Amino acid sequence: AVFADGLALDSGAVIKPLAVAYRTYGKLNALRTNAVLICHALTGDQYVAETQPVTGKPGWWDTLVGPGKPVDTNRFFVICANVLGGCMGSSGPAEEMTDSEGQPMGRPWGIDFPSITIRDMVRAQKRLVDHLGIDRLLAVVGGSMGGMQVLEWAATYPDMVVAAAPIATASYHSAQNIAFHEVGRAAIHGDPDWKGGRYWEDGRIPAKGLSVARMVAHITYLSEAALGRKFGRRLRGASALTFLEDVFEVESYLRHQGSTFVRRFDANSYLTITRAMDYFDLATEHGGEVANAFRGTRTRFLVASFSSDWLFPTEESRALVRALNAAAANVSFVEIATDKGHDAFLLDEPVFHRALGGFLNGAAERVGV
């Protein structure tokens with residue numbers, strides 16, 4: 001969807017026109033009351049339940065979304081949009097730059113793409129939801145950065161959200177997480193092909209730097225137990241001590257993650273979106289108290305965390321629940337016992353799937369879907 005009048009950002013800049021790439025699954029009912037918006041994480045996209053065209057891999061949440069699955073597309077009309085700043089069709093650094101009148105300038109935005117916030121991403125999604133003729137979303141669901149968007153939706157448009165499920169997330173981005181992001185950004189900036197963000201001029205990409213950024217991030221998505229179970233200290237048959245080849249299987253795995261990532265993601269997009277996550281802090285947005293974001297809300301919440309997630313640990317989810325309780329919100333909380341780390345929300349976790357499915361079905365029954 002393209003919106004000619006554009007979008008005003010928190011930074012004061014205007015993206016004009018605004019493009020929002022999206023996919024839908026299932027059928028919108030006659031009363032338009034069965035819509036579920038799914039918000040993707042940092043490196044996700046709109047292909048939540050179908051083959052991703054660039055990689056050919058299954059949808060990133062196809063264990064959860066589809067006919068008869070917890071997010072049942074036989075019952076719900078599911079929407080997933082590529083975030084503002086992304087690189088799968090929505091307005092972002094890889095898309096063609098426009099002038100103040102919205103006229104194309106014949107080159108990508110690149111490093112000149114304005115700074116954005118999670119709230120900007122949500123405003124772009126709101127334009128899409130309005131465009132689809134939906135006045136009220138049955139639910140907004142997302143994990144990690146997607147969970148930040150869920151919280152922003154519930155805070156900014158409370159009357160539009162019947163139910164909200166922020167998963168493996170927090171009301172702010174911690175100093176530790178900002179630090180990990182900065183290591184990734186430094187790797188990109190240090191790549192000789194970075195060229196001050198204008199790598200597109202030579203048809204190059206800062207592949208080495210972006211690969212390292214992905215490798216660092218991927219370590220944070222796993223747990224020590226998960227790494228130990230998958231790889232341990234298994235060797236790849238190196239003949240002697242060496243720094244010139246992958247000696248351990250875990251090294252080979254991380255290099256593979258890095259090399260595949262650079263084929264599908266834009267470096268300037270990575271910088272833009274990681275910084276948007278870093279800026280996120282609901283308390284700062286609402287007078288220093290997270291509870292202020294939700295006072296008087298009628299939205300029902302399911303907050304879910306995973307026991308081995310050290311990127312967004314359970315204590316941060318509990319703090320969010322306490323803030324929702326302080327705002328007298330209706331909130332359920334579940335901590336899933338797992339050793340799979342932060343990535344557990346994307347994997348086959350039956351207890352989580354049953355909890356989310358039950359929550360959505362309960363919301364649907366309350367509004368007669």
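Residues numbered from 1 in each chain as written. Predicted model: local features only at pLDDT ≥ 70, side-chain atom pairs only at ≥ 80, totals over all residues. Heavy atoms only, no water.

### Points about the overall build of the chain
The helix and strand inventory of the chain stands at 10 helices and 15 strands. Along the first, second and third principal axes, the C-alpha set of the chain runs to 65 × 50 × 40 Å. Counting across all 369 residues of the chain, residues that qualify as buried make up 55%. Surface accessibility of the chain: about 15,400 Å² in total, with carbon and sulfur atoms responsible for 52%. (Helix = DSSP H or I, 4+ residues; strand = E, 2+ residues; numbered from the N terminus. Buried < 20%, exposed > 50% of the residue type's maximum accessible area, 1.4 Å probe, protein only. Areas by Shrake-Rupley, 256 points an atom, 1.4 Å probe, with all protein chains shown as cover.)

### Re the packing of helix α3 (residues 175–189) against helix α4 (residues 207–221)
Interaxial distance between α3 and α4 falls to 7 Å at its minimum, and their mutual angle equals 165 degrees. Judged by the inter-axis angle, α3 sits roughly antiparallel to α4. Note that α3 runs across α4; the crossing there is right-handed. Contacts from Phe180, Val183, Gly184, Ala187 and Ile188 of α3 reach α4 at Gly209, Leu210, Val212, Ala213, Val216 and Thr220. (Axes fitted to C-alpha atoms, helices over the stretch in contact; angles between N-to-C directions. Parallel < 35°, antiparallel > 145°, perpendicular 65-115°, else oblique. Left-handed = near helix turned anticlockwise from the far one by under 90°. Contact = heavy atoms within 4.5 Å.)

### As for unusual backbone geometry
With an omega of -5 degrees, the peptide bond between Lys16 and Pro17 qualifies as cis. Looking at the element boundaries, Pro17 is found in the loop between β3 (14–15) and β4 (18–19). In the Ramachandran plot, Ser144 falls in the positive-phi region, its phi being about 60 degrees despite a non-glycine side chain. Here Ser144 is to be found in the loop between β12 (137–143) and α2 (145–156).

### Things to note about helix α1 (residues 118–131)
Taking 1.5 Å of rise per residue, 14 residues should cover 20 Å, and α1 covers 20 Å from first to last C-alpha, within 8% of that figure. Along α1, the residues classified as buried are Ile118, Asp120, Met121, Val122, Ala124, Gln125, Lys126, Leu128 and Val129. Following α1 by one or two positions, Gly133 adopts a phi angle in the positive range, close to 75 degrees. (Expected span 1.5 Å × (residues − 1).)

### Observations regarding the pattern of salt bridges
Going through the model one piece at a time under the given rule, you end up with 21 salt bridges. With its nearest N and O atoms 2.8 Å apart, the salt bridge here joins Glu50 to Arg23. With a gap of 27 residues between them, Glu50 in the loop between β6 (35–39) and β7 (65–66) and Arg23 in strand β5 (residues 22–25) connect regions that are remote in the sequence. Accessibility expressed as a relative area gives 22% for Glu50, which makes it partly exposed. Residue Arg318 pairs with Glu335 through a salt bridge whose shortest N-O separation is 3.7 Å. Residue Arg318 is located in helix α9 (residues 314–326), and its partner Glu335 is located in strand β15 (residues 330–336); the two are separated by 17 residues in the primary sequence. Look at Arg318 and you get partly exposed, because its relative accessible area is 35%. Here the residues in one salt-bridge network are Asp10, Arg119, Asp120, Arg123 and Glu285, joined through shared partners. (Salt bridge = Lys/Arg side-chain N within 4 Å of Asp/Glu carboxyl O.)

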